Amino acid sequence: MDKLNTLKHSELSDLFNKDEERVNWHDDTLWWIRAKRDKAAHGISEWELLRETASQIKNNVLSNLYNYLIEFESKAQANGIKVHWAANAEEHNKIVLSLLQSKGINQMVKSKSMLTEECHLNQYLEDNGIDVIDSDLGERIVQLAKEPPSHIVLPCIHKKKEEIGQIFHENLGTEAGVSDPQILTETARIHLRETFLTRKSALTGVNFAIAETGEFVVCTNEGNADMGAHLADIHIACMGIEKIIPKKKHLSVFLRLLTRSATGQPITTYSSHFKKPRKGQEMHIVLVDNGRSIQLGREDFRNSLKCIRCGACMNTCPVYRRSGGHSYHNAIAGPIGAILAPNLDMKEYADLPFASTLCGSCTNVCPVKIDIHDQLYKWRQVIVKEGNTTVAKTIAMKVMDFTLSSPTRFKLAGKIGRWTLKHAPFTVNNQFNLWFKNREMPEAPKESFSEWYKRNNTEK
């Protein structure tokens with residue numbers, strides 16, 4: 001695992017691609033979900049109006065984030081919710097631990113929260129004697145496998161049912177060789193039901209927090225967030241500060257977009273509103289920055305904070321579908337992860353913005369109109385300028401800059417390239433050319449476009 005942590009996207013992609021069958025069904029499954037998204041989107045005439053409205057609401061939020069956060073804090077406290085602020089992942093983790101320790105609690109049930117994955121909360125709590133069980137089925141599967149999620153909506157999309165059966169056999173006592181989804185699901189239900197009934201603390205994520213009312217909304221298909229929160233003595237909700245929306249009436253816009261974009265459903269099975277703790281219960285919410293203020297100050301990248309974590313960009317991305325989520329070595333994978341991660345650590349994640357064809361499909365499906373592929377391109381420029389690329393890539397970029405900045409050098413390079421492909425193809429068709437690993441170099445054209453145009457342009 002330590003060795004894997006040092007590998008970059010291209011190397012981790014190679015590992016994923018060793019299993020061609022897995023790559024094929026991973027690709028096909030995600031594209032099937034993308035097709036469901038298209039059908040759901042085209043099923044309502046006002047889809048583009050919803051996208052534009054959501055984007056403009058988020059523009060307003062990002063321009064007035066301080067005021068909305070203060071309003072939310074005031075209203076939440078008036079509702080009886082205790083509000084905590086965390087500047088970074090370390091502070092977030094310490095706050096959660098201190099809340100549990102203050103109650104003498106050493107067991108917690110947790111529903112899906114990509115923020116806590118970002119902060120590596122599970123490992124931190126386990127290192128401090130807290131037993132954590134993820135109650136989302138996909139999250140529980142990867143937790144038992146001792147792996148991080150590979151997708152923000154479909155955490156174990158990279159696992160075959162036979163592998164899940166083996167995980168359940170080793171950890172939950174099912175019979176060896178059982179891979180029937182219904183049997184595995186029923187096993188997980190029995191296992192998690194006991195967890196819900198016995199654990200006194202529950203942690204949830206937050207999909208949307210409403211400044212106007214001080215309440216927050218959690219969207220699930222399994223109802224596990226509700227089970228945990230309603231049965232626990234202390235409910236801790238953790239959210240990035242960008243999850244604020246101004247008014248309750250705005251919520252319908254985002255709920256209509258979220259699940260259609262994520263899984264092609266018209267709405268999540270459960271959209272649960274938490275406004276105040278029940279009698280005898282404590283409710284806490286931790287508002288986390290962890291680099292978001294820095295991203296907000298980056299003019300070219302601030303729009304990435306509009307993200308509602310639907311995963312649509314992952315489902316459509318030809319690179320993600322064929323390289324797998326773990327190849328991004330970051331809590332948030334795919335195109336959106338590739339523009340969020342460099343903000344946290346530009347050097348560590350310098351490879352991710354280059355893991356893209358810049359085809360623009362991610363931008364086209366984004367429900368809040370984040371200019372994802374433009375930001376990937378801009379990150380590349382920043383990363384190269386800051387000197388955070390590899391030596392080989394830096395040299396290649398300088399050579400390209402030298403060549404493309406002069407029409408004379410560009411034409412000369414074209415002639416040399418065409419001659420080389422025709423007379424000495426072995427100089428490029430070899431193991432040192434990464435392009436040649438999976439494809440042949442094209443046949444050399446007889447002339448360049450400019451030469452052809454000059455020869456055929458007879459207009460005076």
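A quick note: this is a predicted structure, and the numbers were derived from the prediction, not measured. In this numbering scheme, every chain counts its residues from 1 along its sequence in written order. With pLDDT at 70 or above as the cut-off, local features in this predicted model cover only qualifying residues; side-chain atom pairs require 80 or more to be listed or tallied, and sums for whole chains, interfaces and linings still use all residues. Processing note: side-chain calculations cover all non-hydrogen atoms of the structure and skip hydrogens and water entirely.

Strands here are runs of E lasting at least two residues and helices are runs of H or I lasting at least four, both read from the DSSP assignment and numbered beginning at the N terminus. When helices and strands are tallied, the protein shows 22 helices and ten strands. Taken over the C-alpha atoms alone, the protein extends approximately 85 × 55 × 45 Å along its principal axes. To sort residues, take the accessible area from a 1.4 Å probe on protein chains only and compare it with the maximum for the residue type: under 20% means buried, over 50% means exposed, and anything in between is partly exposed. Taking all 460 residues of the protein together, 51% fall into the buried category. Restricting to contacts in the protein with at least 6 residues of sequence separation, those with at least 24 account for 74%. Counting only carbon and sulfur atoms, one obtains 54% of the accessible surface of the protein, whose full area is about 23,100 Å². Taking the average place of the 60 positive charges on the side chains of the protein and the average place of its 54 negative ones, the gap between the two points comes to 5 Å. Any two residues whose heavy atoms approach within 4.5 Å at even a single point are treated as in contact. Where accessible areas are quoted, they stem from the Shrake-Rupley method and a 1.4 Å probe; at the residue level, only the protein chains shown are allowed to cover. Charged residues are defined here as Lys and Arg on the positive side and Asp and Glu on the negative side; His and the ends of the chain fall outside this count. In plain terms, the charge of a residue is placed at NZ if it is Lys, CZ if Arg, CG if Asp and CD if Glu.

Quick look at the packing of aromatic side chains now. Stacked, tilted and edge-to-face are the three classes applied to pairs of Phe, Tyr and Trp rings, where Trp contributes its six-membered ring and a pair requires centres within 6.5 Å; stacked means planes under 30 degrees apart, edge-to-face means over 60, and tilted covers the rest. This structure, assessed with the given rule, holds six aromatic pairs. On the basis of an interplanar angle of 35° and a centroid distance of 5.9 Å, the ring pair of Tyr320 and Tyr328 is categorised as tilted. The pair Tyr320 / Tyr328 is uniform in exposure class, with both members buried. Taken together, the aromatic side chains of Phe449, Trp452 and Tyr453 make up a single cluster linked through ring pairs. In this arrangement the basic side chain of Arg409 is found over the ring face of Phe402, its NZ or CZ atom lying 3.9 Å from the centre. Only lysine NZ and arginine CZ atoms are considered, and such an atom sits over a ring when it is within 6 Å of the ring centre and within 35 degrees of the ring normal.

The next point concerns the sheet that holds strand β10 (residues 282-288). Two strands form a pair only when DSSP identifies at least two bridges running between them. Strand order in the open sheet formed by six strands is β1-β10-β7-β4-β2-β3, and the pairing between neighbours is parallel. Each of the sheet's edge strands pairs with one partner strand only, and the pair in question is β1 (82-86) and β3 (131-134). Each strand axis lies, on average, 20° off the axis of its neighbour in the sheet, ignoring direction. Across four bridges, strand β2 (residues 107-110) lies against β3 in parallel orientation. Bridge assignment links Met108 to a residue of β3, and that residue is Val132. Only the contacting stretch of a helix is used when fitting its axis, a line to C-alpha atoms as for every element, and angles between N-to-C directions run 0 to 180 degrees. Taken strand by strand, helix α11 (residues 181-198) contacts β2 and β3, and its axis lies near 130° from that of β3.

What follows covers empty space enclosed by the protein. A cavity here means a set of points on a 1 Å grid, drawn over the protein atoms and nothing else, where a 1.4 Å probe fits but cannot get out; a pocket is an open set with protein on both sides within 12 Å along at least five of seven lines, and a residue lines either one if it has an atom within 4 Å of a point. Grid points are joined across faces, edges and corners, and a volume is the space filled by probe spheres set on the points. In total, this model carries three cavities of 30 Å³ or more according to the counting rule given. Of the volumes computed, that of the largest cavity is approximately 170 Å³. Element by element, the count of residues in the lining of the largest cavity is highest for helix α17 (residues 334-344), at four residues. Segmentation into domains, and thus their bounds, comes from an automatic or database assignment. Residues from two domains meet in the lining of the largest cavity; each of domain 1 (1-18 + 306-389) and domain 2 (44-290) gives at least three. Space inside the second largest cavity adds up to approximately 90 Å³. Along the walls of the second largest cavity sit 14 residues, with Cys307, Cys310, Cys313, Cys366 and Pro367 positioned nearest its centre.

Let us look at the pattern of salt bridges. Salt bridge criterion: a side-chain nitrogen from Lys or Arg within 4 Å of a carboxyl oxygen from Asp or Glu. A full pass over the atoms with the stated rule returns 26 salt bridges. Measuring nitrogen to oxygen at the nearest pair gives 3.4 Å for the salt bridge that ties Arg22 to Asp19. A salt bridge links Arg455 to Glu447; the nearest nitrogen and oxygen atoms lie 2.4 Å apart. By relative accessible area, Arg455 is classed as exposed at 53%. Several salt bridges share partner residues, and in doing so they unite Asp19, Glu21, Arg22, Lys160 and Glu163 into one network.

With that settled, the discussion passes to the environment of Trp25. For Trp25, the location among the structural elements is in helix α3 (residues 20-42). For Trp25, a relative accessible area of 21% puts it in the partly exposed group. As a C-alpha pair, Trp25 and Arg322 span 297 residues in sequence and 9.5 Å in three-dimensional space. Residues within four places of Trp25 in sequence aside, it is in contact with Ile157, His158, Lys159 and Lys160.

This part covers helix α4 (residues 47-63). With 17 residues, α4 extends 25 Å between its outermost C-alpha atoms, agreeing within 8% with the 24 Å of an ideal straight helix rising 1.5 Å per residue. All of the buried residues along α4 are Trp47, Leu50, Arg51, Ala54, Ser55, Ile57, Lys58, Val61 and Leu62. The arc that holds the buried residues of α4, viewed along the axis, is 165°, so those residues lie on one side. Residues of α4 that are exposed and point over 90 degrees away from its buried face: Leu49 and Ser63. Buried positions along α4 lie against α3, α5 (65-78), β8 (244-245), α13 (251-262), α14 (292-296) and α18 (361-365). Helix span is expected to be 1.5 Å times the residue number reduced by one. In this description, the arc belongs to the directions extending from the helix axis to the C-beta atoms.

What follows covers the nonpolar core. Grouped together as the largest cluster of nonpolar side chains are 55 residues, with contacts concentrated most on Phe208, Phe254 and Ile336. Per-element tally for this core: the top contributor is α13, with seven residues. Counting contributing residues, this core receives three or more from each of domain 1 (1-18 + 306-389) and domain 2 (44-290). For Phe208, the contacting residues outside a window of four places in its chain are Glu215, Phe216, Val217, Cys219, Lys243, Ile245, Leu251, Phe254, Leu255, Leu258 and Ile308. To qualify as a nonpolar core, a set must consist of buried Ala, Val, Leu, Ile, Met, Phe, Trp, Tyr and Cys residues joined through side-chain atoms within 4.5 Å. Core analysis: the next-biggest nonpolar cluster, separate from the first, contains 23 residues, Ile81, Val83, Ala237 and Leu287 among them.

Our focus in this paragraph is the domain arrangement of the protein. For the protein, the assigned domains are domain 1 (1-18 + 306-389), domain 2 (44-290) and domain 3 (391-456). For domain 1 and domain 3, the distance between their C-alpha centres works out to 27 Å. With four residues of domain 1 at the contact, the number on the domain 3 side is five residues. Of the roughly 370 Å² buried where domain 1 meets domain 3, counting both sides, 56% is carbon and sulfur surface. Polar contacts, as counted here, are pairs of nitrogen or oxygen atoms within 3.5 Å of one another; within protein the pair requires one atom able to donate a hydrogen and one able to accept it, and residues that are adjacent in sequence qualify only if both atoms are side-chain atoms. Taken together, the connections running from domain 1 to domain 3 amount to one residue pair in polar contact (both at pLDDT 80 or more). Looking at the side of domain 1 that touches domain 3 residue by residue, the classes come out as two nonpolar, one polar and one charged. Take the accessible area each of two parts loses on contact, using a 1.4 Å probe, and add the two losses: that sum is the buried area. Each residue gets one of three labels, nonpolar for Ala, Val, Leu, Ile, Met, Phe, Trp, Tyr, Cys and Pro, charged for Asp, Glu, Lys and Arg, and polar for the others, Gly among them.

Here we come to unusual backbone geometry. Of note in the backbone geometry, His329 takes a positive phi value of approximately 35° without being a glycine. Turning to its location among the elements, His329 is positioned in the loop between α16 (318-323) and α17. For Leu358, which is not a glycine, the phi torsion comes out positive at approximately 60°. The topology assignment puts Leu358 in the loop between α17 and α18. In this structure Leu358 comes out as partly exposed when scored by relative accessible area, which is 26%.

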